[in-house]
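Chain by chain, the residues:
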Amino acid sequence: MTDRPPLQAAPRASGFSRLLLRRSIAFRLIVAVLAVELLSAVLVVALSFGYERHIHFRAFDVMLHGRADSILGAVQDAEDPDDHVMLDQNDLRVPPEDIYEVWDEEGKLLGRSPNWPGTANAKTTETGAEKGRPPGPSGAPPPRGEMLRMDVNGTPYLVLRMRGSRTVDPGEHGGKLRTVTILYGSPTSHLWHAIRGAVEFYAVGSVVLLLVTGPLIAWLLHRGLLPLRQLAALAARVSVDAWHFSPPASARATPELAPLTHALESVLQRLERSFVQQRAFVSDAAHELKTAVAVQKSSLQLLSMKRRSAQEYQAGLERCLADSLRLESLVADMLALARAESATPEGAPQPRVDLAACVRHVVAQLETVAALRQVRVDPPGIAAAGAVETVNVSVPPEDCGLLVSNLLLNALQHSPAGAVVEVQLTAEDDLARLVISDQGDGIPAEALPHVFDRFYRGDPSRTRNTGGTGLGLAIARAIVNKAGGTISIASPAASNLPGRGTTVTVTLPVFSAA
Amino acid sequence: MRVLLVEDEVRLAENLAAALRDGPGFAVDWAADGEAGDEFARNACYDLIVLDLMLPRMDGQTVLKRLRARRDATPVLVLTAKDGSESIIALLNAGADDYLAKPFDLGELLARAKALIRRGKGAAHPTLSILDLEVNTLEQTVRRRGTAVDLSPTEYRVLEYLIHRPRVIVSKRELLEHLYDYNWEHHSNVIEVHVSNLRRKLDAAVPDAEPIVETMRGRGYRLAPGLAWDQQTPAAPDTGHRLDMERDQ
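These numbers come from a predicted model, not from an experiment.

## Quick look at the overall build of chain B
Piece 1. Within chain B, the regular secondary structure consists of nine helices and eleven strands.
Piece 2. Out of the 249 residues belonging to chain B, those deemed buried represent 54%.
Piece 3. In chain B, the proportion of contacts linking residues at least 24 apart, taken out of those at least 6 apart, comes to 64%.
Piece 4. As displayed, chain B offers around 10900 Å² of accessible surface, 49% of which is attributable to carbon and sulfur atoms.

## Structural notes on the overall build of chain A
Piece 1. Broken down by element type, chain A carries twelve helices and 15 strands.
Piece 2. By residue count, 37% of the 514 residues in chain A fall in the buried class.
Piece 3. For chain A, the share of sequence-separated contacts (at least 6 apart) that also reach a separation of at least 24 residues comes to 64%.
Piece 4. As presented, chain A carries roughly 29700 Å² of accessible surface, and 60% of it is formed by carbon and sulfur atoms.

## Brief notes about the packing of helix α8 (residues 355–365) of chain A against helix α10 (residues 397–413) of chain A
Between two packed helices, the angle of one axis relative to the other and the distance separating the axes together describe the packing.
Residues and elements named next belong to chain A.
Piece 1. One way to put it is that α8 packs onto α10 with a least axis distance of 9 Å and a crossing angle of 50 degrees. When the interaxial angle is binned, α8 and α10 end up oblique. For the pair α8 and α10, the crossing hand works out as right-handed. When α8 is examined against α10, the residues Leu355, Cys358, Val359, Val362 and Val363 are found in contact with a partner set consisting of Cys400, Gly401, Val404, Ser405 and Leu408.

## Quick notes on the pattern of salt bridges
Residue and element names in this part refer to chain B.
Piece 1. Taken as a whole, this structure holds 28 salt bridges over all chains when the rule is applied.
Piece 2. Between Asp132 and Arg144 there is a salt bridge, with the nearest N and O atoms lying 3.2 Å from each other. Taken together, the residues span a long stretch of sequence, with Asp132 in the loop between β6 (127–130) and β7 (133–136) and Arg144 in strand β8 (residues 141–144) at a distance of twelve residues.
Piece 3. By relative accessible area, Asp132 is classed as partly exposed at 22%.
Piece 4. Arg145 is paired through a salt bridge with Asp132; the nearest N and O atoms lie 3.2 Å apart. Taken together, the positions of Arg145 in the loop between β8 and β9 (147–149) and Asp132 in the loop between β6 and β7 put the pair 13 residues apart, joining distant regions of the chain.
Piece 5. Residue classification places Arg145 among the partly exposed residues on the basis of a relative accessible area of 47%.

## Comments concerning the packing of aromatic side chains
Residues and elements named next belong to chain A.
Piece 1. Counted by the stated rule, this structure contains three aromatic pairs over all chains.
Piece 2. When the ring of Phe57 is compared with that of Trp192, the centres are 5.5 Å apart and the planes differ by 65 degrees; the resulting orientation is edge-to-face. Remark: Trp192 occurs in helix α3 (residues 189–224) and Phe57 occurs in helix α2 (residues 25–73); sequence separation between them is 135 residues.
Piece 3. Aromatic pair Phe201 and Tyr202: ring centres 5.7 Å apart, planes at 65 degrees, arrangement edge-to-face.

## A look at the side chain of Thr137(B)
Residue and element names in this part refer to chain B.
Piece 1. Along the chain, Thr137 falls in the loop between β7 and β8.
Piece 2. At a separation of 2.5 Å, a polar atom in the side chain of Thr137 contacts the main-chain carbonyl oxygen of Pro126.
Piece 3. Those residues in contact with Thr137 that lie beyond four places of it in its chain are Lys114, Pro126, Leu128, Tyr156 and Glu160.

## Quick look at the interface of chain B and chain A
Piece 1. If you look at the interface, chain B gives 23 residues, while chain A gives 23 residues.
Piece 2. Per-residue buried area on chain B facing chain A is highest for Glu9(B), Arg11(B) and Pro103(B); these three make up 25% of the total on that side.
Piece 3. Summed over the shared surface of chain B and chain A, the result is four salt bridges.
Piece 4. The interface formed by chain B and chain A contains ten residue pairs in polar contact (both at pLDDT 80 or more).
Piece 5. Looking at the side of chain B that touches chain A element by element, the count peaks at seven residues for helix α1 (residues 10–22) of chain B.
Piece 6. By residue class, the composition of the side of chain B that touches chain A is twelve nonpolar, three polar and eight charged.

## Description of the sheet that holds strand β4 (residues 76–80) of chain B
Residues and elements named next belong to chain B.
Piece 1. Strand order in this open sheet of five strands is β2-β1-β3-β4-β5, and the pairing throughout is parallel. For this open sheet the edge positions go to β2 (27–31) and β5 (98–101), each flanked by a neighbour on one side alone. Averaged over all adjacent pairs, the angle separating strand axes in this sheet is 20 degrees, with direction ignored.
Piece 2. Summarising the sheet, strand β1 (residues 2–6) and strand β3 (residues 48–52) pair through four bridges and their orientation is parallel. Bridge pairing in β3 links Leu4 to Ile49.

## Some remarks on the sheet that holds strand β15 (residues 503–509) of chain A
Residue and element names in this part refer to chain A.
Piece 1. Here we have five strands laid out as an open sheet, ordered β10-β12-β13-β15-β14, and mixed in their pairing. At either end of the open sheet lies a strand with only one pairing partner, and these are β10 (376–378) and β14 (486–490). Strand-to-strand twist of the sheet, defined as the mean angle between neighbouring strand axes without regard to direction, takes the value 15 degrees.
Piece 2. In the packing of α8 onto the sheet, the strands contacted are β10, β12 (420–427), β13 (431–437) and β15, and the crossing angle to β12 comes to about 165 degrees.
Piece 3. Packed onto the sheet, helix α12 (residues 472–482) meets β14 and β15 and runs at close to 145 degrees relative to β14.

## Observations concerning the packing of helix α7 (residues 310–341) of chain A against α12(A)
All names here are of chain A.
Piece 1. Where α7 contacts α12, the axes come no closer than 8 Å and their chain directions differ by 20 degrees. Overall, the two elements α7 and α12 adopt an arrangement that is roughly parallel. At the point where α7 passes α12, the crossing takes the left-handed sense. On the side of α7, the interface is formed by Asp333, Ala336, Leu337, Arg339, Ala340 and Glu341, while α12 contributes Ala474, Ile475, Ala478, Ile479 and Lys482.
Piece 2. Residues belonging to the contact of α7 with α12 are distributed by class as follows: seven nonpolar, no polar and four charged.

## A word on unusual backbone geometry
Residue and element names in this part refer to chain B.
Piece 1. Here the residue pair Lys102 and Pro103 is connected by a cis peptide bond, since its omega of -5 degrees sits within 30 degrees of zero.
Piece 2. Topologically, Pro103 is positioned in the loop between β5 and α5 (106–120).
Piece 3. Despite not being glycine, Arg57 shows a phi value in the positive range, around 70 degrees.
Piece 4. Take Arg57: its relative accessible area is 54%, and that puts it in the exposed class.

## A short note on the confidence of the model for chain B
The predicted structure's coordinates, where accompanied by low pLDDT, should not be read in detail.
All names here are of chain B.
Piece 1. Confidence in the prediction for chain B averages 80 pLDDT; 86% of positions are at 70 or higher.
Piece 2. Here residues 232–249 scores under 50 on pLDDT; set against residues more than four positions off or in separate chains, the count is 32 contacts.
Piece 3. For this predicted complex, the interface confidence score (ipTM) comes to 0.74, while the overall pTM stands at 0.60.

## A look at the confidence of the model for chain A
Residues and elements named next belong to chain A.
Piece 1. For chain A, the mean per-residue pLDDT works out to 80, and 84% of the residues sit at or above 70.
Piece 2. Averaged pLDDT values for the elements of chain A fall to 44 in helix α11 (residues 460–463) and rise to 90 in β15.
Piece 3. Low pLDDT, under 50, characterises residues 460–465; the predicted model gives this stretch 14 contacts beyond four residues in sequence or across chains.

Definitions and cut-offs
- Residues numbered from 1 in each chain as written.
- Chains lettered and ligands numbered in written order.
- Predicted model: local features only at pLDDT ≥ 70, side-chain atom pairs only at ≥ 80, totals over all residues.
- Heavy atoms only, no water.
- Helix = DSSP H or I, 4+ residues; strand = E, 2+ residues; numbered from the N terminus.
- Buried < 20%, exposed > 50% of the residue type's maximum accessible area, 1.4 Å probe, protein only.
- Contact = heavy atoms within 4.5 Å.
- Areas by Shrake-Rupley, 256 points an atom, 1.4 Å probe, with all protein chains shown as cover.
- Axes fitted to C-alpha atoms, helices over the stretch in contact; angles between N-to-C directions.
- Parallel < 35°, antiparallel > 145°, perpendicular 65-115°, else oblique.
- Left-handed = near helix turned anticlockwise from the far one by under 90°.
- Salt bridge = Lys/Arg side-chain N within 4 Å of Asp/Glu carboxyl O.
- Phe/Tyr/Trp six-rings, centres within 6.5 Å; stacked < 30°, edge-to-face > 60°.
- Polar contact = N/O pair within 3.5 Å; in protein donor to acceptor, adjacent residues only side chain to side chain.
- Buried area = accessible area lost by both parts, 1.4 Å probe.
- Nonpolar A, V, L, I, M, F, W, Y, C, P; charged D, E, K, R; others polar.
- Pairing = 2+ DSSP bridges.
- pLDDT = per-residue confidence, 0-100.

Here you go:
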């Protein structure tokens, strides 16, 4: 109805699919195999042509010699006084299309076949100086004879020119040796016919083989690539919600696919683990945030539930402010954790900070907190870094402060009044070691593996009171891991006595400009 | 009415407890973790349990399952920060009566708490009436034959508890258990004073009224002794506190 060109898209689509087909491994393999087959077929045809020609012409040669010998057999004593020879053609049986001619040594024609055309257009087939010399009675042929090519009434002939000897009248005075020159020719057309037939057989055979093997190879390849397709189908089923990936046994057993299968498996496992962790973190974070918001909301609603005195409002507002501060620190900690856990962009300059200065600074900063809790930091303030003057580590400066203050605050918060928090900083060749130990109640053995988990609280009812967000140690670990260091926590498990304390050890590689 | 609050977040628990005490005038006990909550709930003297799900030591779901496994029918209002209908379905199937997602509205929480207590005691409407006595639990007002009766908060709470259980002998111990929280020292003579004041105020409200609160010496108190069983306004008999009754009688 309309004159829009509906077939416009079709060639493009087929071209696209052809391109896809050309890129497919199966297609390329099939094309390669067929090309090799075609090449070998051409070679076989060429070789068979050469071989057949050789065989047939040799047989022809032998046959010409045989027939010429039978012509020689027909040369007889002419029974004349000069002991001449003659050709007796009566008993000669040769195919009618063959031609022959016999000369004696004096150049006299002894006889020839009735269809002898003359040697006017004859050419020798031998190489060398003699090539092209017109044959004839003149000149002696070589002992084994020579081949001439002739054209008889448009039919190509091959003619053997040979010398034959015959002893005439052996009875009288020992006989006399007469030499004759025999020319014997036979048409070569049937030779070529036979050769063409043989070559045609090979050529047709090769084509048939190609036609049969093409689809067979395609089918075999399709079957052979089955493990790959199975693997692809199973891999395609993996999604964010369904991480399960069990590669087919066929792919596992295929040497070419085994490394790919293994890589896929391990990548998926790692991805799933980090995804589950991430999901757990989001869920935990949502819980914490919702709880914090619930606290604020309920504080405000409680305040507005009924008329209250100015003092009550004042106290309520202070509580609301405290709740806001808690929410603020929770958000700040979550952001700090996200920052510490995110990968450093490639090419970014390596961060660098003096850990000793950082420790001194943080200890000085937290001295008021320590005093408030009646805890002594040893060594205090300016001496906190011990004998270490400077030790550079590759941690962003703000992260370094966060790391040290998180660990120190933790120690202070878990210390009873009158206790001592020890801070030790040592620097060996290429390792800075920070040890912070307190004399608090320690951590139960079953909780130790979890203290670095996000939102983990050893004793929630207590730590919530102290205002911790449950992220401090997770942030510390993320910072240390990012800098390529280690962090460990120890609490003497043997005793359950109070005051056994907790020791956190951080090692960080010393900054090197390389 | 006495409420058990199981919530690990201190500030939220403080606010909830204050709201439950200030608003409907409930006695509130607070448990900061699952194990303590489970321990408290074993006393079986609560008219409602407000239960957080993410709790240290023992999660809320386990507390709930243990409660129901003891055949304790106390209404449970679950507080959850989890999204998703699956967990809510699992909760309701585990025996929760209602849930609220954090951050919730305090007014909604109080309304649901009151509704759950009411339902748990077989009353559908917030206004309860028996003979010529009418108690509006929303406004916390009491009328006898249309005349308002002015009661102290404690007297009102005693009446509110009794009107949910008409004609049943309620022991002093039961009243104490349901009207005062854990921190209160249980002096039974305090109850006696409040009940006698309540009786006096109710009877003085109208001329030549029949005594509506009966004291049964050594056994307890009974509301509306003259009421026949079939005149009872709250339709369903109380099934929620089977254990209390067995112990008290």
